[in-house]
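Examining the three-dimensional arrangement
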Amino acid sequence: GAGVSQTPSNKVTEKGKYVELRCDPISGHTALYWYRQSLGQGPEFLIYFQGTGAADDSGLPNDRFFAVRPEGSVSTLKIQRTERGDSAVYLCASSFAPQGDEQFFGPGTRLTVL
Amino acid sequence: DAKTTQPNSMESNEEEPVHLPCNHSTISGTDYIHWYRQLPSQGPEYVIHGLTSNVNNRMASLAIAEDRKSSTLILHRATLRDAAVYYCILRDGGGSNYKLTFGKGTLLTVNP
């Protein structure tokens, strides 16, 4: 079956612009996670959705970052007024249930802010 | 979240066993030990997890110390496709948020 997909695979934008990153989780997975990975580091948690609601957004670095999951499936990570420091790979993962043993990760979106 | 300590890098030869260590001296009673790996230019991939007993699956084995303060991921016969960064993660099984807290992991190089 299809895994987690993320679009676009690469996004290049200019400082100050707005970007949206999309995640399509595995069908039927109720839990969805966003992570961010800088070069040479492990992924860093951003936000976790259980269904439509954000159960934990403690990892969002500031109020320029926002994420939604309006129908409990697809999620969009939105970044306003992008900064060069936002450049990273943004990873999405889903699991069947919050306590699911395994999180399935997508390939990520590489964001470059010039 | 409890912290784990792993070597920065390890090297192995193809078709030989590999033992990847992880220390987690502050592990709590409800923490599960999870291992993920990340191949170049891919998202992380689940490998195995356990609580107290040793675990085996098609990918690897997990050996957990009796005091649970350390564990070892065992790849029985390394292949070139096993070259990746391996992350040892403690995940709270008793909480309501199941986020993964990654460290820097161990970069495994497999020589042909």
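The coordinates are above.
Bear in mind the structure is a predicted one, so any value in this text is a computation, not a measurement.

This part is about the nonpolar core. The biggest cluster of nonpolar side chains holds 21 residues, and the ones touching the most others in it are Leu20, Ile33, Trp35, Leu73, Leu75, Tyr86 and Leu108 of chain B. No other element matches strand β8 (residues 84-92) of chain B, which puts four residues into this core. Those residues in contact with Ile33 of chain B, other than ones at most four positions away along the chain, are His24, Ile27, Ile48, His49, Gly50, Leu62, Ile64, Arg68, Ser71, Cys88, Ile89 and Leu90 of chain B. Counting 20 residues, the second-largest nonpolar core is a separate cluster that includes Cys23, Leu46, Ala67 and Ala88 of chain A.

All names here are of chain A. With respect to the secondary-structure elements, Gly16 resides in the loop between β2 (10-13) and β3 (19-24). Assessed through its relative accessible area of 45%, Gly16 is described here as partly exposed. In the structure, Gly16 is positioned 97 residues away from Val113 in sequence and 8.8 Å away in space, judged by C-alpha atoms. Residues in contact with Gly16, not counting those within four places in the same chain, are Arg81 and Thr82.

Another point: the side chain of Gln6 of chain A. All names here are of chain A. Within the fold, Gln6 resides in strand β1 (residues 5-7). Residue classification places Gln6 among the buried positions, given a relative accessible area of 5%. Only 2.9 Å separates the side chain of Gln6 from the backbone nitrogen of Gly108, close enough to count as a polar contact. The residues touching Gln6, leaving out its near neighbours within four places in the chain, are Arg22, Trp34, Tyr90, Leu91, Cys92, Gly106, Pro107, Gly108 and Thr109.

This brings us to the packing of aromatic side chains. Counting across every chain of the model gives ten aromatic pairs over all chains. Ring centres of Tyr36 of chain B and Tyr46 of chain B lie 5.7 Å apart, and the angle between their planes is 80 degrees; this geometry places the pair in the edge-to-face category. With Tyr36 of chain B in strand β3 (residues 31-38) and Tyr46 of chain B in strand β4 (residues 45-50), the pair connects residues that are ten residues apart, well separated along the chain. Classification of Tyr46 of chain B as buried rests on a relative accessible area of 13%. Taking the centre distance of 6.3 Å and the plane angle of 65 degrees together, the rings of Tyr36 of chain B and Phe102 of chain B count as edge-to-face. Placement of the pair is Tyr36 of chain B in strand β3 and Phe102 of chain B in the loop between β8 and β9 (106-111), with a sequence separation of 66 residues. For Tyr36 of chain B, a relative accessible area of 0% corresponds to the buried category. Grouped by ring-pair contacts, the aromatic residues Tyr33, Tyr35, Phe45, Tyr48 and Phe105 of chain A together with Tyr36, Tyr46, Tyr87 and Phe102 of chain B constitute a single cluster.

Cut-offs and rules
- Residues numbered from 1 in each chain as written.
- Chains lettered and ligands numbered in written order.
- Predicted model: local features only at pLDDT ≥ 70, side-chain atom pairs only at ≥ 80, totals over all residues.
- Heavy atoms only, no water.
- Core = buried A, V, L, I, M, F, W, Y, C linked by side-chain atoms within 4.5 Å.
- Buried < 20%, exposed > 50% of the residue type's maximum accessible area, 1.4 Å probe, protein only.
- Helix = DSSP H or I, 4+ residues; strand = E, 2+ residues; numbered from the N terminus.
- Contact = heavy atoms within 4.5 Å.
- Polar contact = N/O pair within 3.5 Å; in protein donor to acceptor, adjacent residues only side chain to side chain.
- Phe/Tyr/Trp six-rings, centres within 6.5 Å; stacked < 30°, edge-to-face > 60°.

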